[in-house]
Amino acid sequence: MTRHFLTLNDLTPNECRDLLARASELKALQRSGIAHANFPGKVLAMIFAKASTRTRVSFEAGMVQLGGSALFLSSADTQLGRGEPIEDSARVISSMVDLVMIRTFAHSDVERFAAHSQVPVINGLTDDFHPCQLLADMQTWFEHRGDIAGRRVCWLGDGNNMCQSYMNAAKLLDFELIIACPEGYEPAGDLLAQNGDRVRIVHDPKDAVQGCHLLVTDVWASMGQEQEQNIRARAMAPFQLNADLLARAESDALYMHCLPAHRGEEISAELMDASGSVIWEEAENRLHAQKALMELLLK
Ligand code: CP
Ligand code: NVA
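The rules we used
- Residues numbered from 1 in each chain as written.
- Chains lettered and ligands numbered in written order.
- Predicted model: local features only at pLDDT ≥ 70, side-chain atom pairs only at ≥ 80, totals over all residues.
- Heavy atoms only, no water.
- Helix = DSSP H or I, 4+ residues; strand = E, 2+ residues; numbered from the N terminus.
- Expected span 1.5 Å × (residues − 1).
- Buried < 20%, exposed > 50% of the residue type's maximum accessible area, 1.4 Å probe, protein only.
- Arc of directions from axis to C-beta.
- Contact = heavy atoms within 4.5 Å.
- Near = heavy atom within 4 Å.
- Polar contact = N/O pair within 3.5 Å; in protein donor to acceptor, adjacent residues only side chain to side chain.
- Areas by Shrake-Rupley, 256 points an atom, 1.4 Å probe, with all protein chains shown as cover.
- Nonpolar A, V, L, I, M, F, W, Y, C, P; charged D, E, K, R; others polar.
- Pairing = 2+ DSSP bridges.
- Axes fitted to C-alpha atoms, helices over the stretch in contact; angles between N-to-C directions.
- Salt bridge = Lys/Arg side-chain N within 4 Å of Asp/Glu carboxyl O.
- Right-handed = clockwise from strand over helix to strand, strands pointing away.

Caption draft 1: Summary view of helix H1 (residues 13-32). In a regular helix each residue adds 1.5 Å, so 20 residues correspond to 28 Å; H1 covers 29 Å between its end C-alpha atoms and thus fits that length. Every buried residue of H1 is listed here: Cys16, Leu19, Leu20, Ala23, Leu26 and Lys27. Seen along its axis, H1 keeps its buried residues to an arc of 120°; they face one direction. Summarising the geometry of H1, the exposed residues directed more than 90 degrees from the buried face are Asn14, Asp18 and Ser32. Those residues of H1 hidden inside the fold are in contact with helix H5 (131-145), helix H6 (161-173) and helix H12 (279-298). The first or second residue beyond H1 is Gly33, which carries a positive phi of 70°.

Caption draft 2: Representation of the site of ligand 2 within the structure. Leu125, Asn160, Asn161, Asp218, Val219, Ser222, Met223 and Leu259 make up every residue found near ligand 2. Between Asn160 and ligand 2, the recorded distance is 3.4 Å, taken from a side-chain N or O atom to a nitrogen atom. With respect to ligand 2, the side chain of Asn161 contributes an N or O atom lying 2.8 Å from an oxygen atom. Computed on the free molecule, ligand 2 has an accessible area of 270 Å², of which 94% lies beneath the protein chains in the complex.

Caption draft 3: Representation of the site of ligand 1 within the structure. All residues in the neighbourhood of ligand 1 are listed as Ser52, Thr53, Arg54, Thr55, Arg103, His130, Gln133, Cys258, Leu259 and Arg286. One of the side-chain nitrogen or oxygen atoms of Thr55 is found 2.7 Å away from an oxygen atom of ligand 1. Split by residue class, the shell around ligand 1 holds two nonpolar, five polar and three charged.

Caption draft 4: Structural context of the sheet that holds strand S8 (residues 214-217). The parallel open sheet is built from five strands, whose spatial order is S7-S6-S5-S8-S9. Only two strands of the sheet have a single partner each, and these edge strands are strand S7 (199-201) and strand S9 (254-257). Sheet twist, expressed as the mean angle between neighbouring strand axes with direction ignored, is 20°. Pairing of strand S6 (residues 176-180) with S7, which is carried by three bridges, proceeds in the parallel orientation.

Caption draft 5: Highlighting unusual backbone geometry. A cis amide bond links Leu259 with the next residue in sequence, Pro260, at an omega value of 5°. With respect to the helices and strands, Pro260 occurs in the loop between S9 and helix H11 (269-272). The phi dihedral of Asp174 falls on the positive side, at around 65°, and the residue is not glycine. Take Asp174: it is sitting in the loop between H6 and S6. Positive phi is not limited to glycine here, since Leu259 has a value of about 65°.

Caption draft 6: Inspection of the sheet that holds strand S2 (residues 69-74) at higher detail. Across the sheet, four strands lie side by side as S2-S1-S3-S4; this open sheet has parallel pairing. Taken across any chain shown, the strands that pair with only one partner, and hence form the sheet edges, are S2 and strand S4 (121-123). Across this sheet, the average inter-strand angle for adjacent strands is 20°, counted without regard to direction. Helix-sheet contacts for helix H4 (residues 107-115) involve strand S1 (43-48), strand S3 (99-103) and S4, and the interaxial angle to S4 is about 170°.

Caption draft 7: Region of interest: the pattern of salt bridges. In total, this model carries 19 salt bridges according to the counting rule given. Between Arg22 and Glu25 there is a salt bridge, with its nearest N and O atoms 2.7 Å apart. With a gap of three residues between them, Arg22 and Glu25 both fall in helix H1, about one helical turn apart. The class for Arg22 is partly exposed, based on a relative accessible area of 23%. The network of salt bridges with shared partners includes Arg22, Glu25 and Glu295.

Caption draft 8: Expanded view of the pairing of strand S5 (residues 152-156). Burial analysis of S5 places four of its five residues in the buried class, which makes it a mostly covered element. Where S5 and S6 come together, five bridges link them in parallel fashion. Residue pairing for S6: Trp155 is matched across the bridge by Ile179. In this region the chain leaves S5, passes through H6 and returns to the parallel neighbour S6; the handedness of that crossover is right-handed. In terms of strand pairing, S5 meets S8 through four bridges, oriented parallel. What sits directly across from Leu156, in S8, is Thr217.

Honestly, that's just the spatial picture; any functional story needs more than this.
Here it is as structure tokens:
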């Protein structure tokens, strides 16, 4: 059976820890200029129905560093954008390449593609999940603090695709997740019900961050929600990641943002550029973590 990476649930805890360790190894190789082109001739197709900087650059550069190459396919410029069925596209594209990465709206579209693909499919972000970003976030945590099992993480803001991937990560890697969101912006109820032993909602951000070792936020209006920007900004203003909230967390707490960020909205400008921030490493680790992921799927 073809192996896919559509959510973090596609990894076992041991596989995930091995992958994070390999990601750090690949980072060291890359930094030392030691070649690791172990997959010559392999081709990754990258299908984008939404904008991207990090995901595109990290997958494309990563595949080249592994010895292969990557194709950028914007949905708008392929027959997918003109209504060719996802199932037909999957059958054809997967007959010509070794891996497929998809960034799109409905999570079910990625599932449908995967069900008809002969090669592994990677979720590069859907409306519901962003598992590749979690690999980079967890790599960043592990590099600074070791294993995350038993730690307490606070998600601040919208109960969005990133938040829902943190819920999966809490289960996979055994940490506690406090979700600080306004009423009406909670993550999906079924995910909350499934993860009730590790995840809880606290609507007061000042209470939520207490005892937390990691604070994480993301934009208040995700791609596709731009028209709700103003109403969301009003609801989420008290959840801004800033020096005041950080001071209420554990004294050595780290904080992350998957980027792109809006300085002065979900994160204060001074925290974005503070010397203790791990946000820029988090972004770089997309490259290393996804190379480890592609190695796993290509093996
Ligand atoms: N964090 C992230 O996925 O960034 P891009 O939208 O730039 O790919
Ligand atoms: N939640 C954001 C993440 C961007 C990487 C979005 O979906 O737009």
